[in-house]
Amino acid sequence: MLKIAENIYWTGYIDWNLRNFHGYSTPSGSTYNAYLILDEQPTLIDTVKHYGFEEILYRIKEIIDPSKIKYIISNHTEMDHSGSIEKLLSICPNAQIVCSPKGEEGLKRHFKKNWNFKVVNSGNTLNIGRRNLKFFLMPMVHWPDSMATYSIEDNILFPNDAFGQHYASSERFADEVGIDVVVKEATKYYANIVMPYGGQVLKALEALKDVKIDMICPSHGLIWRKKEDIEKILSLYKKWANYETGKSIVIVYDTMWHSTEMIAQTLYEFIDCENIPVKLYNLQNTHISDIIAEIISAKVVMVGSPILNNKVLPNMGAFLTYLKGLKPKNRYAFTFGSYGWAKVGFKELEDSLKEAGMELISEGRYLNYVPDDTELEGLKDIVGKIKNLFEMKPAFFQGNPQEK
Ligand code: FEO
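This one's a predicted model, so the numbers in the text were calculated from it and none came from an experiment.

Reading the values: the criteria
Residues numbered from 1 in each chain as written. Predicted model: local features only at pLDDT ≥ 70, side-chain atom pairs only at ≥ 80, totals over all residues. Heavy atoms only, no water. Phe/Tyr/Trp six-rings, centres within 6.5 Å; stacked < 30°, edge-to-face > 60°. Helix = DSSP H or I, 4+ residues; strand = E, 2+ residues; numbered from the N terminus. Buried < 20%, exposed > 50% of the residue type's maximum accessible area, 1.4 Å probe, protein only. Pairing = 2+ DSSP bridges. Axes fitted to C-alpha atoms, helices over the stretch in contact; angles between N-to-C directions. Expected span 1.5 Å × (residues − 1). Arc of directions from axis to C-beta.

Caption draft 1: How the structure looks around the packing of aromatic side chains. Going through the model one piece at a time under the given rule, you end up with 14 aromatic pairs. Between the aromatic rings of Tyr13 and Tyr32, the centroid separation amounts to 6.0 Å while the plane-to-plane angle is 20°, which identifies the pairing as stacked. Of this pair, Tyr13 sits in strand β3 (residues 13-15) while Tyr32 sits in strand β6 (residues 30-32); the two residues are 19 residues apart in sequence, bridging distant segments of the chain. Residue classification places Tyr32 among the buried residues on the basis of a relative accessible area of 0%. Consider the rings of Phe334 and Phe336, whose centres lie 6.3 Å apart with planes at 20°: the pair is stacked.

This is the structure in structure tokens:
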């Protein structure tokens, strides 16, 4: 039994073995957090994935008779949080489902049941005895139905997916695990789940700006309870929602006979010699969700592929599809690659990056078959353009990068 505040308990499910969350790699697993508030009207905030039902039931039974639950708040319809509602309702059939208007629509579509819904809107409150719960609709953070529940008397925010992390642990609080680990996981979570919705995140942050928050209890991962940790994650969300980046570069490529890899490696060396932070990823070895977690802080993304049957390689096609959906705005891009007899596939590369919201810093550099030394040396002018972008000294360095 885990008490997180007076009469408030964590009753979630730890998914130690989860390794893929709809395409997002989860090497550390995840948790689906549910919270039980004991009051005159016992209230459960969210449930867990369907296969975690026995665990949530066990945890609730440690605290109260589950049939006494009066309200089940569904902050978000996605089934990692709503998947156990139906089974729970078989135990507490008189419970009301509290959700947003879009939540009601979504739950009806998912479960084909006309449950006893109590629909709430932003600013509405629900008295559950000693406490009053206030609701903040947060459409598209990250579904149309998403909302946060706030316990006014406890100053605790239950924002569902927002501020969450896919991280399984026996600890429940961020400060028990270590802020660096939790921020890294929260960064990956934002980049892969929330990034397209910066405008909506800013609206949610604005609505919460005068709300006193002593604890943030997300629906995945660890709870934020230390003042400085709460301030940190709120300020990071503001930064990410504004699409702010550092002056760093991510190079992403796939390769067939190592020619594109040669270009990627040469770009990396020239950039590194300029002491510009740069990371290099081969799509054959790195999951796209890990690369996106790096792109969130990068100002320039360099993307390379060889051409196969007039197209980019399949790994690159998947990456570009993912990137176009996530739309990491306010960034620059550069394309490169090797080709044999047709360059037509590179247009797909360029168009995809533009569709992802990026601005190309120059024409792509496409080299025939195997690059020679002169062609590789010619890549230095691209690094010069990046230095100008970063408002560093305009003159490009001279000499061999290995000598720097
Ligand atoms: Fe954790 Fe959008 O579900």
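Caption draft 2: Fine view of the sheet that holds strand β13 (residues 132-137). In spatial order, the strands read β12-β13-β14-β15-β16; together these 5 strands make up an open sheet with mixed pairing. The two strands at the open ends of the sheet, each matched to only one other strand, are β12 (125-127) and β16 (215-218). Mean inter-strand twist for the sheet, computed between neighbouring axes without regard to direction, equals 20°. As defined by bridge partners, β13 adjoins strand β14 (residues 147-151) across 5 bridges and the pair is classed as antiparallel. Residue pairing for β14: Phe136 is matched across the bridge by Ala148.

Caption draft 3: Spotlight on helix α9 (residues 259-273). Taking 1.5 Å of rise per residue, 15 residues should cover 21 Å, and α9 covers 21 Å from first to last C-alpha, within 8% of that figure. Inspection of α9 places Ser259, Thr260, Ile263, Ala264, Thr266, Leu267, Phe270 and Ile271 among the buried residues, and these make up the whole buried set. Burial along α9 is one-sided: seen end-on, the buried residues are contained in an arc of 165°. Positive backbone phi, at 60°, marks Asn275, one or two positions downstream of α9.

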